[in-house]
Amino acid sequence: MTPPPPSPPRPEAAAAAPSRRARLLEVAAVFARLGFTAFGGPPAHVAMIEDEVVTRRRWVDRQHFLDLVASVNFIPGPNSTELAIHLGLIRAGFAGLVVAGACFIFPAMLIILPLAYLYVRTGALPQVSAAMSGINAAVIAIVAAAVVRFARAAVTDAFTAGVAVASVAAGFWLAPRPHLQPELLILAASALLGALSAARPAPRDALLAPALLPLAVSPHWAAETTRMFLFLLKVGATLFGSGYVLVSYLQSGLVDRYHWFTRQELLDAISIGQVTPGPLLTTATFVGYVLGARTFGGGVAGGIVGGVLATAAIFLPSFLFVAALGPLLPRIRANRYARGALRAMNAAVVALIVVVLWRLGGDALFPAGRIDWPSLAIAAAALVALLVWNVNATWLIVAGAIIGVARSVQ
């Protein structure tokens, strides 16, 4: 007997669910705005993304979000960018994956390219320290508010509290040893403890492990740019850990091996990546422009193409990793041992953010061992605005920049 055809969806149900196009536009709007305002490095990026997609839009719940944060630490590449890419995949499918990543990365690239042009022309970096003083204070508050929200979701019993405390201690102890990749060590140890804590009679399902523009230029420019592309592609495909590890990668390649940059030029490139919004790996945009325009002799056109190619090279592996491994995460989360591992890792994530917050707060609020009262006031007011009035973090970044500039002209 032929089954009856499925009944069409009710009009009210269709109206309630946003269309794929609407979800894609929402993903583009959210991550483009974050791309222009997400200062402060990965912890601040995670805090701002959480505010947008969990607190305000409820694309995922906080527990799911923390699972994503913990999981991307085991994928090579920039963690906050991979988090954005994964959330785009969840919200709007494969097109959302591409749009979220592109919208989060492109704003920084568009800001850095003219800064790199000025650097090649003048040999000096633009002065942005005035605005950054206020922005940094607002970032401290944004990260602190995220710690409070994450702790409520992740630290729920004596076991997770113990993991968090031990992870904080380990984070401070390992901080002077970035070559050991402390984030990975702490998360891996927490995952093992969590899996052991969940050990019961063997579950039915085994734990799943994730598998791991033509330009008419000289042959010299093309050959050197290809070498740069392949070098940055390797960096993006193998980079684990914090920004300190990125500095080490770039030092060994750009300075020691290829002699394309001096140490001072590398420091200038890292500075540009730090003071502009978006992921730190957009430092590659600056590197690509300087190499393409000056070192390889391509002029402004060669610099622009070099900057775009460098950005594509260092971020391309992240898109591929998330596209391949993202669909496996729901199955991993459903496994008993993996669930226990993620439970402990989430507590460790909170602890690692606390360690970063302590270090960022010391630099931004207590420079040279003295209290910067205006910055402390900005941070305190921003924290109250976040926790009491739920003000959007983007507006706090803008307000911090305005106050920072106002301080400098007094």
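Residues numbered from 1 in each chain as written. Predicted model: local features only at pLDDT ≥ 70, side-chain atom pairs only at ≥ 80, totals over all residues. Heavy atoms only, no water.

(A) Structural view of the packing of aromatic side chains. Using the criterion set out here, one finds 8 aromatic pairs in the structure. Where Phe-231 meets Tyr-258, the ring centres are 5.9 Å apart and the plane angle is 75°; that geometry is what we call edge-to-face. Of this pair, Phe-231 sits in helix 9 (residues 219-238) while Tyr-258 is found in the loop between helix 10 (243-257) and helix 11 (263-275), placing the two residues 27 residues apart along the sequence. On the accessibility criterion, Phe-231 (6% relative accessible area) is buried. Of the residues examined, Tyr-258 reaches a relative accessible area of 16% and is grouped as buried. Both rings, one in Tyr-258 and one in Trp-260, keep their centres 4.4 Å apart while their planes meet at 10°; by these two values the pair is stacked. One aromatic cluster is present, formed by Phe-231, Tyr-258, Trp-260 and Phe-296 through successive ring pairs. (Phe/Tyr/Trp six-rings, centres within 6.5 Å; stacked < 30°, edge-to-face > 60°. Helix = DSSP H or I, 4+ residues; strand = E, 2+ residues; numbered from the N terminus. Buried < 20%, exposed > 50% of the residue type's maximum accessible area, 1.4 Å probe, protein only.)

(B) Quick peek at the side chain of Ser-318. Turning to its location among the elements, Ser-318 is positioned in helix 13 (residues 299-325). For Ser-318, a relative accessible area of 0% puts it in the buried group. Apart from the residues lying within four places of it in its own chain, the contact partners of Ser-318 are Pro-76, Gly-77, Pro-78, Glu-82 and Ile-85. (Contact = heavy atoms within 4.5 Å.)

(C) Up close: the confidence of the model for the protein. Averaged over every residue, the pLDDT of the protein is 81; the share at 70 or more is 87%. The spread of mean pLDDT over the elements of the protein runs between helix 1 (residues 11-16), the lowest at 44, and helix 2 (residues 20-37), the highest at 94. In the predicted structure, residues 6-15 sits below a pLDDT of 50 and forms 0 contacts with residues beyond four places in sequence or in another chain. Low pLDDT (under 50) marks residues 201-217, which in the prediction has 19 contacts with non-local residues, meaning those over four places away or in another chain. (pLDDT = per-residue confidence, 0-100.)

(D) Just the pattern of salt bridges, in detail. Applying the stated rule across the entire model yields 11 salt bridges. Here Asp-51 ties to Arg-56 by a salt bridge, and the two come within 3.0 Å at their closest N and O atoms. By relative accessible area, Arg-56 is classed as partly exposed at 30%. Glu-265 is paired through a salt bridge with Arg-294; the nearest N and O atoms lie 2.8 Å apart. One end of the pair, Glu-265, is in helix 11; the other, Arg-294, is in helix 12 (residues 283-295), and 29 residues separate them in sequence. Three or more residues joined by partner-sharing salt bridges are found here, namely Glu-26, Arg-33, Glu-52, Arg-57 and Arg-91. (Salt bridge = Lys/Arg side-chain N within 4 Å of Asp/Glu carboxyl O.)

(E) Focus on the packing of helix 4 (residues 62-72) against helix 15 (residues 336-365). Helix 15 packs onto helix 4 with a crossing angle of 85° between their chain directions and a minimal axis gap of 9 Å. With respect to their mutual orientation, helix 4 and helix 15 come out roughly perpendicular. In this structure, helix 4 uses Gln-63, Leu-66, Asp-67, Val-69, Ala-70 and Ser-71 to contact helix 15, whose residues at the interface are Arg-339, Leu-342, Met-345, Asn-346 and Val-349. Per-class residue counts for the contact of helix 4 with helix 15 are 6 nonpolar, 3 polar and 2 charged. (Axes fitted to C-alpha atoms, helices over the stretch in contact; angles between N-to-C directions. Parallel < 35°, antiparallel > 145°, perpendicular 65-115°, else oblique. Nonpolar A, V, L, I, M, F, W, Y, C, P; charged D, E, K, R; others polar.)

(F) Quick look at a nonpolar patch on the surface. On the surface, Tyr-117, Leu-118, Val-300 and Ile-304 cluster together into a nonpolar patch covering about 310 Å² of accessible area. For the nonpolar patch, the secondary-structure elements that each account for two or more residues are helix 5 (79-122) and helix 13. (Patch = residues over 30% accessible without salt bridge, like charges linked within 9 Å, V, L, I, M, F, W, Y side chains within 5 Å. Areas by Shrake-Rupley, 256 points an atom, 1.4 Å probe, with all protein chains shown as cover.)

(G) Structural context of the environment of Ala-301. On the secondary structure map, Ala-301 appears in helix 13. What makes Ala-301 partly exposed here is its relative accessible area of 44%. Separated by 12 residues in the primary sequence, Ala-301 and Tyr-289 place their C-alpha atoms 9.2 Å from one another.

(H) A look at unusual backbone geometry. Phi is positive for Arg-58, close to 55°, though the residue is something other than glycine. With respect to the secondary-structure elements, Arg-58 resides in the loop between helix 3 (42-56) and helix 4. Given a relative accessible area of 66%, Arg-58 falls into the exposed group. Notably, His-259 is not glycine yet its phi reads approximately 60°, a positive angle. Structurally, His-259 can be placed in the loop between helix 10 and helix 11.

(I) Summary view of helix 16 (residues 373-387). For helix 16, spanning 15 residues, the distance from its first C-alpha to its last is 21 Å, which sits close to the expected 21 Å at 1.5 Å a residue. Listing the buried residues of helix 16 in full gives Ser-375, Ile-378, Ala-379, Ala-382, Ala-385 and Leu-386. Taken around the axis of helix 16, the buried residues stretch over an arc of 130°, which confines them to a single face. (Expected span 1.5 Å × (residues − 1). Arc of directions from axis to C-beta.)

(J) Layout of the side chain of Glu-52. When you line up the elements, Glu-52 lands in helix 3. We classify Glu-52 as buried; its relative accessible area is 1%. In contact with Glu-52, not counting residues within four places along its chain, are Val-30, Arg-33, Leu-34, Arg-57, Asn-392 and Thr-394.

(K) Quick look at the nonpolar core. Counting 71 residues, the largest nonpolar core has Phe-31, Ile-49, Val-53, Phe-65, Leu-83, Leu-87 and Phe-150 as the members making the most contacts within it. Residue contributions to this core peak at 14 residues, all from helix 6 (residues 129-154). For Phe-65, the contacting residues outside a window of four places in its chain are Val-46, Ile-49, Glu-50, Val-53, Val-54, Val-60, Leu-83, Leu-87 and Phe-150. Counting 43 residues, the second largest nonpolar core, distinct from the first, contains Ile-85, Val-235, Val-287 and Val-305. (Core = buried A, V, L, I, M, F, W, Y, C linked by side-chain atoms within 4.5 Å.)

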